[in-house]
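These are the residues of each chain, in order.
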Amino acid sequence: MNSKERVEAVLRGRMPDRVPVCLHNFLPAAKEAGIPLERYLSDSRAAADAHLHAVEKYGHDCILLDLDTTMLAEAMGAKRNCTPGAPGHVEAPAITGLEQVGRLKVVNPERDGRIPALLEAVHRLAERVGNEVSIRANADQCAFSLAGLLRGTEDFLVDLMSDPDEPALRDLLEVSYQSHLAVHKAVFKAGAHFTSMGDSPAGPDVVSPQLFAQFARPYEERLVNDLAADGIFTTIHICGKTDVILDQLAAYSFCGFELDYKTDAVRAKSTVGAGHVLFGNIDPSGVVARGTAAQVRAAAEKLIAVWKPGGRFILNAGCAIPESTPPENIAALVASAKEFGRYDG
Ligand SMILES: [Zn+2]
């Protein structure tokens, strides 16, 4: 089984020969390839080269291609701060009031913002290593999170609290949903084997489980179903501690969940992990970046013992691996899957 086949088995609910490893490593990958982050974030060749360099060096099973969390909001009119050396963040929203929602248009992924760079990077990776290595393309933020970036997250939350039935809120979420869906379909067409998305502002660290159920979950579930209808597997990434929504997530159609290290691993396995694919969830900063290689190995061994049984598990850090991470720690994470993750003995 090569890396691509190993990941594919997991995504189809079948048993692989061992636990595959995916790396959320765009920050150290750019650094180790000698590529300034601002170039990685906007230049398809640079982004592809960074990941090719990393996969050659570490031999992980799955490349995660990610152009930060502002790509889609920027393509829809939000202003992005591009401080050199840092991932982008939204400096000004696309609209300053719900009465402006009609100005927002569904993106054209072939044309708008940096999305064409993402598609071209996917295409390059698929051409170079797509027969051997699994390629996961991040389609950026799901409807709730994207709506927050377009409207300004605090103002968006105030809108939700003050008049949850306001039709313009639904229009904002709908145009966000349609844009996001279009990017998933475009990266798949460009050669990604599966897709992923972030929806962290919808998680319990930011909003209540009730608000999540009302305004985020419907779009996440719809996305999983809409993509499955086109044969596309997707993974939902939510930062922070997600324990109180795990039961809700477990009700989704088959998909992946990438959970952060704060989420209880045992509880995750017995809820979402019973019928879905788990990704994660080693502590990216405290262990992967600041621990020793021995500590990374120990944390991976412990997690593998809990999440490996029955398959449906892809080892990764729980969130983005910091740029400062020592290469030997990344190597230790990959080696742990080979050492502790075998299913055939
Ligand atoms: Zn995260």
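Residues numbered from 1 in each chain as written. Predicted model: local features only at pLDDT ≥ 70, side-chain atom pairs only at ≥ 80, totals over all residues.

S.K.: Which residues make up the environment of Arg128, and what are the values?
M.R.: Locating Arg128 in the fold gives a position in helix α6 (residues 115–129). Taking the C-beta count within 10 Å as the criterion, Arg128 has 16 such neighbours and is therefore assigned partly exposed. Considered as a pair, Arg128 and Leu52 are 76 residues apart in the sequence and their alpha carbons are 8.4 Å apart. (Helix = DSSP H or I, 4+ residues; strand = E, 2+ residues; numbered from the N terminus. Buried ≥ 20, exposed ≤ 12 C-beta atoms within 10 Å, placed from the backbone.)

S.K.: Can you explain the nonpolar core? Please cite residues and give values.
M.R.: Judged by nonpolar contacts, the single largest core of 116 residues is most densely connected at Leu118, Val122, Leu150 and Val187. Residue contributions to this core peak at nine residues, all from helix α9 (residues 167–189). Aside from chain neighbours lying at most four places away, what touches Leu118 is Leu67, Met71, Ala137 and Val187. (Core = buried A, V, L, I, M, F, W, Y, C linked by C-beta atoms within 7 Å. Contact = placed C-beta atoms within 7 Å.)

S.K.: Describe the sheet that holds strand β1 (residues 22–23), naming the residues involved and giving the relevant values.
M.R.: Within the open sheet, the eight strands sit side by side as β1-β2-β5-β6-β7-β8-β9-β10. Their pairing is parallel. Only two strands of the sheet have a single partner each, and these edge strands are β1 and β10 (313–317). By the bridge criterion, four bridges tie strand β6 (residues 194–198) to strand β7 (residues 234–238) in an arrangement that is parallel. Note that in β7 the partner of Ser196 across the bridge is Thr235. Here helix α4 (residues 44–58) sits on the sheet and contacts β1 and β2 (62–65); the angle it forms with β2, its principal contact strand, is near 155 degrees. (Pairing = 2+ DSSP bridges. Axes fitted to C-alpha atoms, helices over the stretch in contact; angles between N-to-C directions.)

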